[in-house]
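If you want the building blocks of each chain, they are given just below.
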Amino acid sequence: MSAARARHPSLHTVPAEGKPPELLASRCGECGHLAFPAARFGCPSCGAAPERSAPAAIAGRGTLEAFTIVHRTFSRAFPAPYAVGTILLDAGVEIRAVLAPEDRADLETGGRVESCLVPSGEDEDGNALVDCRFRPVPGGEARDGGGAA
Amino acid sequence: MTARLVDLRPVYVAGVGLHRYRKPTDTPYTDLALAAVRAALADAGITWTSVETAVCGTANLGLAAGWTALRHLGATGIPVMQVENASATGSTAFRDVVLQVASGVADCGLALGVDKVLRPRLAVLNAGTPDLVRGAAPPAVGFALEAKRHMRRHGTTLDQLALVSVKNHWNGARNPNAQFQRECTREEVHQAPPIVDPFTTLHCCPLGEGAATAIVVSEEGLQRLGISRRRSLRVLCSVANSETLTPPGESLHVRITRDAVSRAYDETGLGPGDLDVIELHEAFTIEEILYIEAMGLCAEGEGGPFTESRATWIGGDCAVNASGGLLAMGHPFGPTGIGQIVEIARQLRGEAGDRQHQGARLGLAHMVGVGEVCVVHILSREH
Ligand SMILES: [Zn+2]
């Protein structure tokens, strides 16, 4: 079976089955600013041209700073109810992402989360697409190297 | 060094007018716009022929909405321009007229905000900049996450958030131009249909249509046109900014609000304790709590208890969103920022009827908009 493709290929990798995707960030060669999504048009920190930025894949691992359950469907691609979270990635970038926990009761503010892939329909040629979500780390990985909750 | 507004010649709000905000109808926007403009002209006691420049703020109507409506007042040949700045569209139209009059290129200018409920075309969708939550996290979701964070960090309660809605609906019930003119209880806020935790519909501003107008005049204009100085309000500052890189854990909206308002304080020598009325952007309840903190009305994290203390009620230390705010008066985009100027003018003149905050002398208007952008004005009663 050929690997599925990403619905948004500029945002993340599509690794082998079961592995968390990496996020496709960029690092500015002028000021060092780490941008996710990658700074395709220029550095938001110093304005350096995009060719001064280098791709930087970062781990989709971080801490769930806040999450919420959405009860209204705003877009057909995301039928309610679904969960959205604010995540502080270990790389130091804060992002928002759609959460895909196996059980919503597993979502915990301050808990560890990681990226994962979910099916996301097909492209025009009928190839399966995947999209990036975040979920609580299975097994409750210890936070900040401290004791597990 | 660049000039502050107070370094230029004095400018005054000399007339204000509204078309009531309401849920969508089939009425052409022309009716809404002209009702607000004619009300403002009558309020100032001048005619359209005295207006030397006009700026129309509209987010949804499309190309040349301003001229298309204003020409029915008589094609006088004045410069007419249209601006869009997301939620801050009306504030930006007002700012432009203020700057034109302050610069001396006109003595009498008119800012019109008008909108119908049409699907806004968000440029970001065509910007080539996808992100992980496109489509899944509209502003209601973003602010719900900010509410959750504030509740966890500072112990802000759902009751305190709901109280913002209760207060603003109480105010709106006393505003004949508000979209919602009915009081609501905390229980009703809690029991309303859920949108996104912790928000029910009563934590979120409605969709609606409407129009608002402010007429801005120089000192010379006041004299030449015989406009009452007593009813005119001095515009003390006009501040606008856009986002800067925000460190993790910090709210972008709080940051641009704090930056804009502190510049407004610097330019005027005023502080939060001087303000009698504030109209601020609370499209969602949490925003009022975030922004009263950012404006220095209370310490960071104290917005919930401060709201509970009734300090932000009409008759309290500083009446916040006496109009009903975006939650109850409504948020039709183009008009909203100018509607704030209308409310502040009425409060400072003592013409706000049942929702009058007694003795109001100084008022601040604040809008943020997708971008993110922030626009702040401070108005003062001169007599
Ligand atoms: Zn840079």
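Scroll up to find the structure.
Residues numbered from 1 in each chain as written. Chains lettered and ligands numbered in written order. Predicted model: local features only at pLDDT ≥ 70, side-chain atom pairs only at ≥ 80, totals over all residues. Heavy atoms only, no water.

1. Considerations on the overall build of chain B
Of regular secondary structure, chain B possesses twelve helices and twelve strands. Against the 2.2 N^0.38 benchmark of 21 Å for 383 residues, chain B shows a C-alpha radius of gyration of 19 Å, consistent with a compact globule. Based on the C-alpha atoms only, the size of chain B along its principal axes is roughly 55 × 45 × 45 Å. For chain B, the proportion of its 383 residues judged to be buried stands at 61%. When contacts within chain B are restricted to residue pairs at least 6 apart in sequence, long-range pairs at least 24 apart make up 77% of them. Counting every atom, chain B has about 14,000 Å² of accessible surface; 52% of that belongs to carbon and sulfur. Between the centroid of the 34 positive side chains of chain B and the centroid of its 40 negative side chains there is a distance of 4 Å. (Helix = DSSP H or I, 4+ residues; strand = E, 2+ residues; numbered from the N terminus. Rg over C-alpha atoms; globule rule 2.2 N^0.38 Å. Buried < 20%, exposed > 50% of the residue type's maximum accessible area, 1.4 Å probe, protein only. Contact = heavy atoms within 4.5 Å. Areas by Shrake-Rupley, 256 points an atom, 1.4 Å probe, with all protein chains shown as cover. Lys, Arg positive; Asp, Glu negative; His and termini not counted. Charge placed at Lys NZ, Arg CZ, Asp CG, Glu CD.)

2. Observations regarding the side chain of B:Ser232
Residues and elements named next belong to chain B. By secondary structure assignment, the location of Ser232 is in the loop between α7 (219-225) and β8 (233-242). For Ser232, a relative accessible area of 1% gives the class buried. A distance of 2.8 Å separates a polar atom in the side chain of Ser232 from the backbone oxygen of Ser228. (Polar contact = N/O pair within 3.5 Å; in protein donor to acceptor, adjacent residues only side chain to side chain.)

3. Quick word on the nonpolar core
Residue and element names in this part refer to chain B. Residues Phe199, Ile278, Ile286, Met295 and Leu364 are the most contacted members of the largest nonpolar core, which totals 61 residues. The residues contacting Leu364, other than those within four sequence positions of it, are Val261, Tyr265, Leu275, Val277, Ile278, Glu279, Met295, Ile344, Val376, His377 and Ile378. By size, the runner-up hydrophobic cluster in this structure holds 35 residues, among which are Val83, Ala178, Leu233 and Ala345. (Core = buried A, V, L, I, M, F, W, Y, C linked by side-chain atoms within 4.5 Å.)

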